[in-house]
Amino acid sequence: MPQMADDRRSDQPADATSLEPFSDALLDPDLPTPKGIVGPKGKKAAKRFNVYRNNVTVGLVGALADIFPAVHRLVGDEFFRAMARIYVQTEQPSSPLLFRYGAGFPAFLKTFEPVAKLTYLPDVARIERAWLDAYHAADTPVMDPADLGAIAPEDLADQRFITHPATFVVRSNFAAVSIFAANRAGKDLSGIDPLIAEDGLITRREFDVEIRQLPAGAAAFLQALAGGATLGEAAGSAVEQSEDFDLAAAIAAMLEAGAFSALASGKIDEKGQ
Amino acid sequence: MTDKASRAHSAPDAGFTDSTIPARAGAGLKPEHVDAILQDDYRIGFLEVHAENYMGDGGATHRTLTAIRQSFPLSVHGVGLSIGSENGIDNEHIARLKGVVDRYQPGLVSEHLAWSTHDTSYFNDLFPVPYDQPTLDRVVAHIDQVQNALGRKILLENPSTYVQFEKSTMGETDFIAEIARRSGCGLLLDINNVFVSATNQKYRPLTYLSEFPLEKVEEIHLAGHAHDVDDEGEPLLIDAHDRPVDDEVWKLYDIVIGQIGPVPTLIEWDNNVPDWPVLRHEAKLADEILERRAANYMLGSHHAANG
């Protein structure tokens, strides 16, 4: 290994301002070419600097199109790119892990007046962001339904669960789950009433991300469980939200989807409480 | 759960093939090519990935790269360390890079002489640095930081540039040579970048190559570039990675390989990605040059040994 060099400069940059104007001008087309940036023999470099501006914008807009393909298709390519350019100026990736970009995109869509009529669009974007998080989540086995079957009936209500890292619940006042699913399947939106509220459950049992629509109350039930509530407490919150809540159906759905990785109480037993 | 996963990740029994990268042509790995590569009778010499694409916790991307790594040597090419940054480099990101390197045991690890993050914003592009003493010291310190964390040498890639900094006090080749000398890093020579920068900055690519410390080159990159013009209507080449390697770049490559002998050579094609056979064709062109030059090389050493 090479010797550790004098690293005083990483704490105390000798010339901390030199890249600042370059950085500032990348996403602000109104700023002039940064001072001290030139072409060969000192000639002016406006078009040259614009290559970097264009690379940044086109690259980040392209990343958003990859992360939000349904939103992209729903509004059309030209519109999407024009809209994404505006978002890119307000929020850049906070790390070089580009696949995490766009956490603020759903909120941006909510305030972006030209898409105000597509009321479901921000929720479709939330589903797409969660879908990609599930896609990259840790490889964790899902809970074996037999684990729950092995619990004595009188102990069932006290069970807590460990949420699988790829599990996300998305609640929408619109038919965002159906719209997302139809769009990703290459279908049009005919037959979907966008004004019907839907809840979705995103999971990944092995490598394929799945999304399913949840019955009434099940979203509140799963969110309570994910928040650490017992099965009994979670069922209580679900009934509060929806009189139609069907506990047996909700448990069946969560087991089939692989929403949880294990019983929390089971873990404590293993450690020999 | 991460216990079980991290054990699995660091396990040396993942069935990986030898990590040594041969002095042959390799290709930048694209997910859409994986099946074709694994099924192809032509065995590409190695594959290279952008480290950042494999920094997620799990999922299909890791499954795919594991399958590739079981059959091919791998080169890990970082695009996000921002080694030219003036506010230090991110230890968390170095740790993520180490995670990828530990897990996939690449034969080569490389990064860029560039910056891509400022404050908290990551711009997803590679920007030039001024060639002056403070920047040199900083880049050397950053490379030391990375090499110490990884416990291995990295290769540094020469940039493609469209602009210069008025404050630069030395030439690019002197700057790179001094970085390599002080940090002990190896070099990744991107010959398309040499051609693009030379055209854009008005010097001769052969002059650049004659000044470049070729003895430290452990990998070569080749890619296609696009044509534009600057404010005065003069040619401005864009490092687009969206088409075949230019004939002029092939000529320079042939000259370099003639001079230094065969080294691992990567074909990069990142935009408008073609079907695998098109990329494979580029790789075969590089293989031909490598084989021809290798034959000359062996002949040369044979003569030397006998006379």
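A quick note: this is a predicted structure, and the numbers were derived from the prediction, not measured.

## Quick look at a negative patch on the surface
For step 1, the next point in the chain: Residues A:E154, A:D155, A:D158 and A:E233 make up a contiguous surface patch of negative charge.
For step 2, the next point in the chain: Note on A:E233: relative accessible area 43%, which makes it partly exposed.

## Thoughts on the nonpolar core
For step 1, the next point in the chain: Membership of the largest hydrophobic core comes to 135 residues, with the highest contact counts inside it found for A:F22, A:V71, A:M83, B:I179, B:L189, B:I220 and B:Y253.
For step 2, the next point in the chain: The dominant element in this core, judged by the number of residues it contributes, is helix α3 (residues 46-67) of chain A, at 9 residues.
For step 3, the next point in the chain: Each of domain 1 (18-117) and domain 2 (119-273) of chain A gives at least three residues to this core.
For step 4, the next point in the chain: Residue contacts for B:Y253: discarding those within four places in its chain leaves B:I191, B:I220, B:L222, B:T265, B:A286, B:I289 and B:L290.
For step 5, the next point in the chain: In terms of nonpolar packing, the next biggest core, distinct from the first, is built from 26 residues, A:L225, A:A257, A:F260 and A:L263 among them.

## Overview of the packing of aromatic side chains
For step 1, the next point in the chain: Evaluation of the coordinates by the stated rule reveals 25 aromatic pairs over all chains.
For step 2, the next point in the chain: Here the aromatic rings of A:F22 and B:F127 are separated by 5.5 Å at their centres, their planes lie at 50°, and the arrangement is tilted. Residue A:F22 is located in helix α2 (residues 20-26), and its partner B:F127 is located in strand β6 (residues 121-127); the two belong to separate chains.
For step 3, the next point in the chain: By relative accessible area, A:F22 is classed as buried at 1%.
For step 4, the next point in the chain: In this structure B:F127 comes out as buried when scored by relative accessible area, which is 1%.

## With respect to the pattern of salt bridges
When charged atoms on two side chains of opposite charge get close, those side chains can pair.
For step 1, the next point in the chain: The tally for this structure, following the rule as stated, stands at 29 salt bridges over all chains.
For step 2, the next point in the chain: Salt bridges sharing common partners tie together A:K43, A:R48, B:K202, B:D230, B:E232 and B:E234.

## Re the environment of B:E166
All names here are of chain B.
For step 1, the next point in the chain: Tracing the sequence through the fold places E166 in the loop between β8 (164-165) and α6 (172-183).
For step 2, the next point in the chain: Residue classification places E166 among the exposed positions, given a relative accessible area of 56%.
For step 3, the next point in the chain: Taking the C-alpha atoms as reference points, E166 and Q147, 19 residues apart in sequence, are found 31 Å from one another.

## Side note on the interface of chain A and chain B
For step 1, the next point in the chain: Counting residues at the interface gives 57 residues for chain A and 66 residues for chain B.
For step 2, the next point in the chain: Here chain A meets chain B over a buried area of about 5300 Å², counting both sides, of which 58% is carbon and sulfur.
For step 3, the next point in the chain: At the surface where chain A touches chain B, the tally comes to 5 salt bridges.
For step 4, the next point in the chain: A salt bridge links B:D230 to A:K43; its shortest N-O distance comes to 2.6 Å.
For step 5, the next point in the chain: At the junction of chain A and chain B, the tally comes to 21 residue pairs in polar contact (both at pLDDT 80 or more).
For step 6, the next point in the chain: Counting only elements with at least two residues in the side of chain A that touches chain B, the list comes to α1 (8-11), α2, β1 (37-38), α3 and α7 (121-136) of chain A.
For step 7, the next point in the chain: Tallying contributions element by element places α3(A) first for the side of chain A that touches chain B, with 10 residues.
For step 8, the next point in the chain: Here the residues of the side of chain A that touches chain B are counted per class, giving 31 nonpolar, 14 polar and 12 charged.
For step 9, the next point in the chain: Inspection of the sheet shows β1(A) paired to β8(B) by 2 bridges, in the antiparallel sense.

## Notes on the domain arrangement of chain A
All names here are of chain A.
For step 1, the next point in the chain: Here chain A is described as being made up of domain 1 (18-117) and domain 2 (119-273).
For step 2, the next point in the chain: Placing the centre of domain 1 and that of domain 2 at their C-alpha centroids yields a distance of 35 Å.
For step 3, the next point in the chain: Each side of the interface is counted separately: domain 1 has 19 residues, and domain 2 has 16 residues.
For step 4, the next point in the chain: Considering only the surface of domain 1 that becomes buried against domain 2, L74, F99 and P106 emerge as the three largest contributors, covering 34% of it.
For step 5, the next point in the chain: Inspection of the domain 1/domain 2 interface yields 0 salt bridges.
For step 6, the next point in the chain: Among the elements that make up the side of domain 1 that touches domain 2, the one with the highest residue count is helix α4 (residues 69-75) (6 residues).

## Quick look at the packing of helix α10 (residues 218-226) of chain A against helix α12 (residues 247-257) of chain A
Packed helices, taken two at a time, are described by their axes: the angle between them and the distance between them.
Residues and elements named next belong to chain A.
For step 1, the next point in the chain: Relative orientation of the contacting elements α10 and α12 amounts to 60°, with a least axis distance of 10 Å. Put simply, α10 runs oblique to α12. Considering the relative orientation of α10 and α12, their crossing is right-handed. Packed against α10, whose contacting residues are A218, F221, L222 and L225, the element α12 presents L247, A250, I251 and M254 at the interface.
For step 2, the next point in the chain: Split into classes, the residues belonging to the contact of α10 with α12 amount to 8 nonpolar, no polar and no charged.

Conventions we followed
- Residues numbered from 1 in each chain as written.
- Chains lettered and ligands numbered in written order.
- Predicted model: local features only at pLDDT ≥ 70, side-chain atom pairs only at ≥ 80, totals over all residues.
- Heavy atoms only, no water.
- Patch = residues over 30% accessible without salt bridge, like charges linked within 9 Å, V, L, I, M, F, W, Y side chains within 5 Å.
- Areas by Shrake-Rupley, 256 points an atom, 1.4 Å probe, with all protein chains shown as cover.
- Salt bridge = Lys/Arg side-chain N within 4 Å of Asp/Glu carboxyl O.
- Lys, Arg positive; Asp, Glu negative; His and termini not counted.
- Charge placed at Lys NZ, Arg CZ, Asp CG, Glu CD.
- Buried < 20%, exposed > 50% of the residue type's maximum accessible area, 1.4 Å probe, protein only.
- Core = buried A, V, L, I, M, F, W, Y, C linked by side-chain atoms within 4.5 Å.
- Helix = DSSP H or I, 4+ residues; strand = E, 2+ residues; numbered from the N terminus.
- Domains from an automatic or database assignment.
- Contact = heavy atoms within 4.5 Å.
- Phe/Tyr/Trp six-rings, centres within 6.5 Å; stacked < 30°, edge-to-face > 60°.
- Buried area = accessible area lost by both parts, 1.4 Å probe.
- Polar contact = N/O pair within 3.5 Å; in protein donor to acceptor, adjacent residues only side chain to side chain.
- Nonpolar A, V, L, I, M, F, W, Y, C, P; charged D, E, K, R; others polar.
- Pairing = 2+ DSSP bridges.
- Axes fitted to C-alpha atoms, helices over the stretch in contact; angles between N-to-C directions.
- Parallel < 35°, antiparallel > 145°, perpendicular 65-115°, else oblique.
- Left-handed = near helix turned anticlockwise from the far one by under 90°.

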